[in-house]
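# A look at the structure
As a plain string of letters, each chain reads:
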Amino acid sequence: MVHRGWSVDVYLICGFEELKEDRRQMIQDALPTGVGLEVWDDAIPYYYVKKFNQQLKRPDQTIEFAPHGLSRQHRFVVRDKLMEYDFFVAFEDDIRVTADHVVNFLEMSTQIDRMRRAAEHSPDGKARVEDALEDSRRVRGKSMDKATVGNDLVQDPMTADELRRLWPGFIRAEVVDNRGGPHQLLEGSPPALDNFKWKQFVPSSMEYEQSLGTVDPNVCCDLDSPRTPPNPTKDDLVLWETDISATGVRHYPGEIGWAAAMPVEDKADVGSYWSGEGNAYNDPSFKRPRRVDALLGQQAGWMATRSQVLYFHEHACPGGFLPHFDGKDWYSDSLQTRNGAVEFWS
C-alpha cells in the first residue's frame, strides 16, 4: 500500500497478556519504512455470563474473560482514530489484504453510489440495467421468509434505498497445498472435494466452465511466498464458510455489472437469483440460507472509508457500529453471545 503513496499505520490487537519486545521489533522490522505500529495487548474484555433474561446465571457469579469479544475491540480503536484516517481496514491476522483489494472496494463503492444518485433523480426512483433483456416471465418467485423480494431477480431495477444497502464484499479463498503429502480434503474414496453436498444438483465442472473458466486463481492466490503453492489452478482453490446453496447472482445497474450475492438477513435482502430457485435442490421446503454460520461467507474483517463508517454507525446498524455498545439494541450488554460471536464483530 505504501508503494501507492498511502500513509499507513498498523494497529495490532492481541489477546495474550504481553507482546514481548523482541516480537514487537520483529513485526516492526517486517513493516515498510514509515509505517507506524501500535499494539494493544491483553485486549480480551471481561464480562458476566448471563441467562437469556439477562439475569446472572448464579448468585455468586464472578467476572470472567470474554474471548469472543476480542474481535469487538477494533471498534474502539476505530472510534478513537476516526478523524485521523480516511480509510480503515480491519481483518483477522491470517487474511492477506492488498492495495488492489482496497482500490477494487473503492471503485465498486463509487459505482454503487453513482447508481444510487441516478435512482434518486430518475422519474420513478429506480436505476436500471442498460440494454436489459426483455423479461417475459408471467409468474415471479415469492420469498419464503421475511424478505420483501423473491429469489428470482436478475436484471430488475433497483431503488435508491436498495442501493444504499448494497455493499462490496469479499469471499475468503485458500489454495489446497499438497506439497507435504495429500491434503485431507483430497483423501478418502471418494475425496471430500469430489463428494460435496450438492454434487447431484450442481456438477463441479460444467461445459461453460470448462470452455470459459470462472475464476482466475492468480488474482488472489499466486503469491511469492513459500507458504503457498506457486501457479495454482482454479481447481486448487477452496472457499471458506459458504457453498453454492447460499449464493445468488445478479446483474446490477451501471458499471457494477454481474456480481455474486451472499446471504444477508431476510428483511435486508435487496434480491438476486438464488441458486436454489425453482426447487433446484429437489426439496420444496428448503429455504434460502440466511443465518447459517457455516454458509455466511464471513470475510473475516471489513474495510470502509470514514464516511462509510459514519453511515454504518448513524444509519445502517441498529445500536450503532461504534462504541459505546449499550441500550436496547444491545440488550444492555454487547458481550452476551446473542449479540454475536467472532463472526458478528469481524
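Throughout what follows, the structure given in this document is the object of discussion. (Residues numbered from 1 in each chain as written. Predicted model: local features only at pLDDT ≥ 70, side-chain atom pairs only at ≥ 80, totals over all residues. Heavy atoms only, no water.)

It is worth spelling out a nonpolar patch on the surface at this point. Together, Tyr-46, Tyr-48, Leu-56, Ile-63 and Phe-65 make up a nonpolar patch on the protein surface, roughly 500 Å² of accessible area in all. For Leu-56, the position within the fold is in the loop between β3 (46-47) and β4 (64-65). (Patch = residues over 30% accessible without salt bridge, like charges linked within 9 Å, V, L, I, M, F, W, Y side chains within 5 Å. Areas by Shrake-Rupley, 256 points an atom, 1.4 Å probe, with all protein chains shown as cover. Salt bridge = Lys/Arg side-chain N within 4 Å of Asp/Glu carboxyl O. Helix = DSSP H or I, 4+ residues; strand = E, 2+ residues; numbered from the N terminus.)

Counted according to the given criterion, the structure contains 23 salt bridges. Notably, a salt bridge pairs Lys-328 with Asp-329, separated by 3.8 Å at the nearest N-O pair. By relative accessible area, Lys-328 is classed as exposed at 71%. Residues joined in a network through salt bridges with shared partners are Asp-113, Arg-116, Arg-117, Glu-120 and Arg-164. (Buried < 20%, exposed > 50% of the residue type's maximum accessible area, 1.4 Å probe, protein only.)

Once that is clear, we can look at the packing of aromatic side chains. Under the counting rule described, the total for this entry stands at 19 aromatic pairs. Summarising the aromatic geometry, the rings of Tyr-46 and Phe-65 are spaced 4.8 Å apart at their centres and angled 20° between planes, so their arrangement reads as stacked. Taken as a pair, Tyr-46 in strand β3 and Phe-65 in strand β4 lie far apart in primary sequence, 19 residues in all. Of the residues examined, Phe-65 reaches a relative accessible area of 41% and is grouped as partly exposed. (Phe/Tyr/Trp six-rings, centres within 6.5 Å; stacked < 30°, edge-to-face > 60°.)

So, on to the side chain of Asp-266. With respect to the helices and strands, the residue Asp-266 is situated in the loop between β11 (257-261) and β12 (273-274). For the buried Asp-266, which has no salt bridge, the nearest side chain bearing the opposite charge is Arg-290, at an N-O separation of 5.4 Å. A polar side-chain atom of Asp-266 sits 3.3 Å from the main-chain amide nitrogen of Lys-146. Residue contacts for Asp-266: discarding those within four places in its chain leaves Asp-145, Lys-146, Ala-147 and Arg-290. (Lys, Arg positive; Asp, Glu negative; His and termini not counted. Polar contact = N/O pair within 3.5 Å; in protein donor to acceptor, adjacent residues only side chain to side chain. Contact = heavy atoms within 4.5 Å.)

A few words on unusual backbone geometry. Here the bond from Ser-189 into Pro-190 is cis, since omega is -5°, no more than 30 degrees from zero. Locating Pro-190 in the fold gives a position in the loop between β8 (173-175) and α5 (207-212). With an omega of 5°, the peptide bond between Pro-323 and His-324 qualifies as cis. Within the chain, Asp-42 stands out as a residue other than glycine whose phi angle is a positive 50°. Along the chain, Asp-42 turns up in the loop between β2 (36-40) and β3. Looking at Asp-42, the relative accessible area reads 38%, which means it is partly exposed.

Take the sheet that holds strand β10 (residues 248-252) next. Ordered by their spatial adjacency, three strands build an open sheet running β11-β10-β12, and the pairing between neighbours is antiparallel. A strand with exactly one partner marks an edge of an open sheet, and here the two such strands are β11 and β12. In this sheet, β12 lies alongside β10 in antiparallel orientation, the contact comprising two bridges. If you follow Gly-248 over to β12, its bridge partner there is Trp-274. (Pairing = 2+ DSSP bridges.)

On to the state of the cysteines. Using the criterion set out here, one finds one disulfide in the structure. What pairs with Cys-220 in a disulfide is Cys-221, and their sulfur atoms sit 2.4 Å apart. Since a negative S-S torsion denotes a left-handed disulfide, the Cys-220-Cys-221 link at about -95° is left-handed. Here Cys-220 falls in the partly exposed class, since its relative accessible area comes to 28%. A relative accessible area of 5% means that Cys-221 is categorised as buried. (Disulfide = S-S within 2.5 Å.)

Here we come to the environment of Arg-172. Among the secondary structure elements, Arg-172 is positioned in the loop between α4 (160-164) and β8. Accessibility expressed as a relative area gives 13% for Arg-172, which makes it buried. Residues Arg-172 and Ser-275 lie 103 residues apart in sequence; the distance between their C-alpha atoms is 20 Å. Filtering out sequence-adjacent residues up to four positions away, Arg-172 remains in contact with Ile-95, Val-238, Leu-239, Trp-240, Glu-241, Gln-298, Gln-299 and Ala-300.

Since the α-helix turns once every 3.6 residues, residues separated by three or four places project in the same direction. Taken together, the buried positions of helix α7 (residues 306-316) are occupied by Gln-308, Val-309 and Phe-312. For α7, the angular spread of buried residues about the axis comes to 105°, placing them on one side. Structural note: α7 exposes Ser-307, Glu-314 and His-315 on the side pointing more than 90 degrees away from its buried face. Contacts made by the buried residues of α7 are with α2 (74-81), β5 (87-91), α3 (99-121) and β13 (301-305). (Arc of directions from axis to C-beta.)

As a further point, take the nonpolar core. Grouped together as the largest cluster of nonpolar side chains are twelve residues: Ile-112, Met-115, Ala-119, Ala-127, Met-158, Ala-160, Leu-163, Leu-166, Tyr-252, Ile-256, Ala-261 and Val-270. Among the elements of the structure, α3 and α4 are those that each provide at least two residues to this core. A total of three residues in this core trace back to one element, the largest contributor, which is α3. Counting residues in hydrophobic clusters, the runner-up holds eleven residues, among them Leu-82, Ala-90, Ala-304 and Phe-312. (Core = buried A, V, L, I, M, F, W, Y, C linked by side-chain atoms within 4.5 Å.)

Once that is clear, we can look at the side chain of Gln-111. With respect to the helices and strands, the residue Gln-111 is situated in helix α3. A residue is classified by how much of its surface remains accessible, and Gln-111, at 13% relative accessible area, is buried. Setting aside chain neighbours within four positions, we find Gln-111 in contact with Glu-255 and Ile-256.

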